[in-house]
Amino acid sequence: MTTTTPARGRRRAPSRMERAAGRAAAFQKPRVILALLLLLALTSVMLLDGYLRSEIGNDARVRDGAAYDKVPSRILDGGPLLTFDHGTATTQSVPDRTIVLTFDDGPTATWTPQVLKVLEENDVDATFFMVGSMISRYPGVVKSLVKQGNEVGIHTFTHVDLSYQSAARLQRELKQTQLALAGAAGVTTTLFRAPYSSEIDAVDNYSWPVYQEIGDLGYTSVFVDTDSDDWKKPGVSKIVRWATPKKNKGAIVLMHDAGGDRSQTISALGTYIKKMKAKGYTFTTVSGAQAMLNGNRSGVGRQSGPAGAGAGASAGAGIGGTGAAQAAQHQAAGATLYEGRALVYAVAVAEWVVPALSWFLLVVGVAVMGRFGMMLVLARRHHRQRNRGRGKGGRGGGRFSWGPAVTRPVSVIVPAYNEKECIANTLRSLAKSTHPIEIVVVDDGSDDNTSEIAESLGMPNVRVVRQENAGKPAALNNGVRTARHDIVVMMDGDTVFEPDAVHQLVQPFADPEIGAVAGNAKVGNRTTLIGAWQHIEYVMGFNLDRRMYDLLRCMPTIPGAIGAFRRDAVLGVGGMSEDTLAEDTDITIALHRAGWRVVYQEHARAWTEAPGSLRQLWSQRYRWSYGTMQALWKHRKSLTDKGPSGRFGRVGMPLVVLFQIVTPVFAPLIDVFTGYSMIFVDFRAALLAWLAVLAVQLVCAAYAFRLDREKYRYLAMLPLQQLAYRQMMYLVLIHSCVTALTGGRLRWQKLKRTGEVGTPAGAGR
């Protein structure tokens, strides 16, 4: 029998989704790019944070005991200040009874401010040789340090032994540190101290070329005369004693404001300054000492005059206000200043984002593990409850029953749009149904003879209803309106039912509280790699997720491939809505909100043809993900409702949002963190963590396969699925989120079918 639904008027007005289809299609590619750029940006932030913490590009080698025969003896016997004038090396020593206090390896937020406080209390300036990565992390400390009148020098960006590094790495270490200084305090400097350096007589054949190159760039290399060895934490008295020069000589003294607990250094610093002042010593900076050596004692330190003396003639004028004491500093300007600020801002973002993400992902990881545990427990309970006495003659506490057997006829609605490859197999499988049915094929404007093929089969219980192309929701609504029975089964035009599928599917309707039933959809074309991956996904999804949702009474979706509804319930909520692209999720939530119970019937099995290519898979999952978001947003008021609607809103909706949207969106970051840890941190620990998570997933998958009596051989695909297939699904979801946030709309997308899913003879294989 054939029925044609006439068009209203001369031309059907386009639906809301159809009007947006053209606009949406134009935005899809940019949104994919935006999603990838977002992931790239977060990865870049992680890499930057790792670089700052010396997890990336770190070279811990330190050279010791090398020959020094190529270093001029006058350099080895010279003073701690090394400069180059047109390639000629010159050294200078600090004047007698003069102390140049220097601090290495900072700044830090803990110890550097305490050092500055002691210096301020004692009216002393010092020179800080700072690590660029630390500068960029604590720009406020650097700004205060310079403003107080102290001097800054470069100690490289990542604290590496430059004698092992290439010329390019050397240039990069210097430039990045200068940029960090510019961004933090608006200055650059010509002072340099190499990491792991000490007295000048320790210069060897490997480090000498480095100092030559640095000198040619205009830097003054600063060594030490006296090392306090405060890093050894020997006690306050020893630090003071070891930092004291011999025979009233001048000295560049080394201390540290970073690198560990510096409480002894802080305690010793004030004592040391008072002791040296009592002995008649003057404290100044490196630039101040150089000015004294050149015969200019004006503005070399706070003891030489009031703050700001000589500032007008200093290159550092207005920076710290101490004239010659900061002569090595220069006001940053132009590109250097703006690039420096950009670096500091980027580091600030990384400093906030990475720890926040780490904690968030830890919470997500715990939630995911908790979900796995909950799924296993509830799935087992569901299976034992629904299969109680099954195959055991009713033994074991009584056979489970929905109530009196449902034997009355039902209507099966088959929406079809260009399903010539599949429609015959679909209808033939329904012809073998053990339950009395009428079949309503709704041809949604096909142009490939789908309806003609359905009619040619000559099946007496098949009615073909033709309509203009209006989309799947409209086709299903048309079928519901024309159905003759109070229970309607909905399926896709490419799906094949097992003979007892309809009978099993409608049995829960013996309970008058049940308004809809979700069946067990299985992948028929599982012989391909993509099909096998989807097979694993389907089995885990239906056997674990749906069992859990069933017991919690918050089933979020009745699959379009196999589901049954009370006809009055569907009509009571307004039918299948065109408001979203996930009409199955939309109608399921609507039924919950109307007070109906939705359950899962594991024994009602249908076989569907999964997408056969990555492009089709992306298209399908993109629509599913986006449609689910639309449905959740549409029914967001259920969060504050009372009764069954509120139950779904406060139980089902958070579960769906957390585990189907939020967790997958951030899951790529977990993989990025794992890969990052394997490459830059601890390969073994990261690999073991990844394998542990994989093992948990394998246990869950194996249990799901056991419940569904599937062959375990497909689980061999699980590791590869985690590495490839899962990443694609995550990107699809991110793409969907970007689409939702940018206000895009999608149209219904028809997938290409092959018709390879025939009879379900291969069940369980």
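The preceding data block contains the structure.
Summarised in this report is the structure supplied together with it. From a predicted model like this one, the values you see are computed outputs, not experimental measurements.

Turning our eyes to something else, we now look at the overall build of the protein. For the protein, the count of helices and strands is 22 helices and 21 strands. Here the contacts in the protein between residues at least 6 apart in sequence split such that 80% fall between residues at least 24 apart. Summed over all atoms, the accessible surface of the protein reaches about 32500 Å², with 56% contributed by carbon and sulfur.

It is worth spelling out the side chain of Asn525 at this point. Within the element layout of this structure, Asn525 appears in the loop between β19 (514–523) and α16 (529–552). Among the polar contacts made by the side chain of Asn525, one reaches the main-chain amide nitrogen of Ala610 at a distance of 2.9 Å.

With omega at 0°, the peptide bond leading from Gly106 into Pro107 counts as cis. Tracing the sequence through the fold places Pro107 in the loop between β4 (98–104) and α3 (112–121). The residue His159 is not glycine, and still its phi comes out positive at about 60°.

A complete count under the given rule lists 21 salt bridges for this structure. Of the charged contacts in the structure, one is a salt bridge between Glu710 and Lys522, with a shortest N-O distance of 2.5 Å. A residue pair is termed long-range when its members are at least 10 positions apart, and Glu710 in the loop between α21 (683–707) and α22 (718–741) and Lys522 in strand β19 qualify at 188 residues. Each member of the pair Glu710 and Lys522 is classed as buried. Between Arg526 and Glu710 there is a salt bridge, with its nearest N and O atoms 2.9 Å apart. Placement of Arg526 in the loop between β19 and α16 and of Glu710 in the loop between α21 and α22 is noted, with a sequence separation of 184 residues between them. We classify Arg526 as buried; its relative accessible area is 4%. The exposure class of Glu710 is buried, given its relative accessible area of 5%. Connected via shared salt-bridge partners are Lys522, Arg526, Asp708 and Glu710.

Before going further, it helps to examine the packing of aromatic side chains. Tallying each qualifying case throughout the model produces five aromatic pairs. On the basis of an interplanar angle of 50° and a centroid distance of 5.1 Å, the ring pair of Tyr211 and Phe223 is categorised as tilted. Highlighted residues: Tyr211 in helix α7 (residues 208–216) and Phe223 in the loop between β9 (220–222) and β10 (226–227), separated in sequence by twelve residues. Classification of Phe223 by relative accessible area gives buried; the value is 2%. Ring geometry for Phe400 against Trp402: centres 5.1 Å apart, planes inclined by 85°, an arrangement best described as edge-to-face. Over the ring of Trp633 we find Arg636; its NZ or CZ atom is 4.1 Å from the centre of that ring.

All right, on to empty space enclosed by the protein then. Unfilled space is identified by rolling a water-sized probe across the atoms. Here the structure, examined in full by the defined rule, presents one cavity of 30 Å³ or more. Volume-wise, the largest cavity comes out at about 70 Å³. Lining of the largest cavity is provided by Lys472, Leu476, Met490, Ile558, Pro559, Gly560, Gly563, Phe565, Met576, Glu583, Asp584 and Ile587. Secondary structure elements with two or more residues in the lining of the largest cavity: α14 (472–482), β20 (563–566) and α18 (583–593). Counting residues per element, the lining of the largest cavity draws most heavily on α18, which supplies three residues.

Counted at 1.5 Å a residue, the expected span for helix α9 (residues 263–278) with its 16 residues is 22 Å, and the 24 Å between its end C-alpha atoms agrees. In the structure, α9 departs most strongly from a straight axis at Leu269, where the bend amounts to approximately 25°. Here α9 has its buried residues at Thr265, Ile266, Ala268, Leu269, Gly270, Tyr272, Ile273 and Met276. Where α9 is buried, its residues touch β4, α3, α8 (236–242), β11 (251–256) and β12 (282–284). Where α9 terminates, the next one or two residues include Gly280, which has phi positive at roughly 90°.

Viewed as axis vectors pointing N to C, helix α6 (residues 167–185) and α7 meet at an angle of 50°, and their least axial separation amounts to 12 Å. Considering the angle they form, α6 stands oblique to α7. Crossing of α6 against α7: the hand is right-handed. Only Val210, Glu213 and Ile214 of α7 make contact with α6, whose side of the interface consists of Ala167, Leu170, Gln171 and Leu174. Class assignment of the residues belonging to the contact of α6 with α7 gives a composition of five nonpolar, one polar and one charged.

Criteria and cut-off values
Along each chain, residues carry numbers from 1 onward, in the same order as the chain's sequence is written. Local features in a predicted model are, by the rule used here, given only for residues with pLDDT of at least 70; side-chain atom pairs are given and counted only at 80 or more, and totals for whole chains, interfaces and linings are based on all residues. Only hydrogens and water are set aside; all other atoms, that is, all heavy atoms of the structure, feed into the side-chain values. Only DSSP runs of H or I covering at least 4 residues are called helices, and only runs of E covering at least 2 are called strands; the numbering of each starts at the N terminus. It only takes one pair of heavy atoms within 4.5 Å for two residues to be counted as in contact. Under the convention used here, a 1.4 Å probe and the Shrake-Rupley method define accessible areas, while residue burial counts only the protein chains that appear. What qualifies as a polar contact is a pair of N or O atoms within 3.5 Å, subject to a donor-acceptor requirement within protein and to the restriction that residues adjacent in sequence count only when both atoms come from side chains. Any Lys or Arg side-chain nitrogen found within 4 Å of a carboxyl oxygen on Asp or Glu counts as a salt bridge. For every residue, the accessible area obtained with a 1.4 Å probe (protein chains only) is divided by the maximum for its type, and the residue is called buried under 20%, exposed over 50%, and partly exposed between those limits. The pairing test for Phe, Tyr and Trp rings, Trp by its six-membered ring, is centres within 6.5 Å, and the orientation test on the planes gives stacked under 30 degrees, edge-to-face over 60, and tilted for anything in between. Two thresholds decide whether a charge sits over a ring: the Lys NZ or Arg CZ must be within 6 Å of the ring centre and within 35 degrees of the ring normal. The distinction between a cavity and a pocket rests on a 1 Å grid over the protein atoms alone: a 1.4 Å probe fits inside a cavity but cannot get out, while a pocket stays open yet meets protein on both sides within 12 Å along at least five of seven lines, and a residue with an atom within 4 Å of a point counts as lining. Grid points are joined across faces, edges and corners, and a volume is the space filled by probe spheres set on the points. How far a helix is expected to stretch is found by multiplying one less than its residue total by 1.5 Å. To obtain the bend at a residue, axes are fitted to the seven residues ending there and to the seven starting there, and the angle between these axes is taken. To get an axis, a line is fitted to the C-alpha atoms, and for a helix only the part in contact is used. The angle between two axes follows their N-to-C directions and goes from 0 to 180 degrees. Oblique is the label for any angle not covered by the other classes, which are roughly parallel (under 35 degrees), roughly antiparallel (over 145) and roughly perpendicular (65 to 115). In this scheme the crossing of two helices becomes right-handed for a clockwise turn of the near helix relative to the far one and left-handed for an anticlockwise turn of less than a right angle. In this count, Pro and Cys sit with the nonpolar residues alongside Ala, Val, Leu, Ile, Met, Phe, Trp and Tyr, while Asp, Glu, Lys and Arg are called charged and the others, Gly among them, polar.

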